[in-house]
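Okay, here's what each chain looks like letter by letter:
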Amino acid sequence: MKPIQYVAYDRQDDMLVCSCNFISVKEIEDTIVALLDEDCWQLIVPAKVYHAMEKRGRCCGCFPNVVDIIIRTTEHYHSRRDSTDAEIFDFMARLKEFHEENRRADLERRQKSHRAA
């Protein structure tokens, strides 16, 4: 009887992210890059990645890890892309500004006289 050989993965690419669909980090990264090649400024979310791979989230426990892979891959994609400083903007600052604007709009819509209960 031959002994079982344990394979140590040196590369993170071979790591399994979704055990429900057997999807590796490399497959997710390749899908994200393909989506970015179509439109480099589109919003990529786990559902879009899974749809592009013709899979569906079953337990969705992997989605937080997929979000981390999306962020890392998108940042790496844009860092390799040729652009001028004028084209680069601080995404987090714009996102915070967007949330503040929506928060103010929500507060303006809420009036004490129109509360239910």
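Computed from a predicted model, the values in this text were never measured in an experiment. (Residues numbered from 1 in each chain as written. Predicted model: local features only at pLDDT ≥ 70, side-chain atom pairs only at ≥ 80, totals over all residues. Heavy atoms only, no water.)

Draft legend 1. Quick peek at unusual backbone geometry. For F22, which is not a glycine, the phi torsion comes out positive at approximately 55 degrees. Within the secondary structure layout, F22 lies in the loop between strand 1 (16–18) and strand 2 (23–24). The class for F22 is exposed, based on a relative accessible area of 62%. Not every positive phi belongs to a glycine, and C60 is a case in point at roughly 65 degrees. Its relative accessible area of 33% is what places C60 among the partly exposed residues. (Helix = DSSP H or I, 4+ residues; strand = E, 2+ residues; numbered from the N terminus. Buried < 20%, exposed > 50% of the residue type's maximum accessible area, 1.4 Å probe, protein only.)

Draft legend 2. Representation of helix 3 (residues 63–80) in the model. In a regular helix each residue adds 1.5 Å, so 18 residues correspond to 26 Å; helix 3 covers 26 Å between its end C-alpha atoms and thus fits that length. Within the sequence span of helix 3, burial applies to V66, I69, I70, T73, Y77 and H78. Along helix 3, the residues classed as buried sweep out an arc of 150 degrees about the axis, all on the same side. Seen from the buried face of helix 3, the exposed residues on the opposite side, beyond 90 degrees, are E75 and S79. Those residues of helix 3 hidden inside the fold are in contact with strand 1, helix 1 (25–38) and helix 2 (46–52). (Expected span 1.5 Å × (residues − 1). Arc of directions from axis to C-beta. Contact = heavy atoms within 4.5 Å.)

Draft legend 3. Representation of the environment of H51 in the model. As for its placement among the helices and strands, H51 is situated in helix 2. Judged by relative accessible area, H51 falls into the exposed class, the value being 65%. As for H51 and T31, which are separated by 20 residues in sequence, their C-alpha atoms are 10.0 Å apart.

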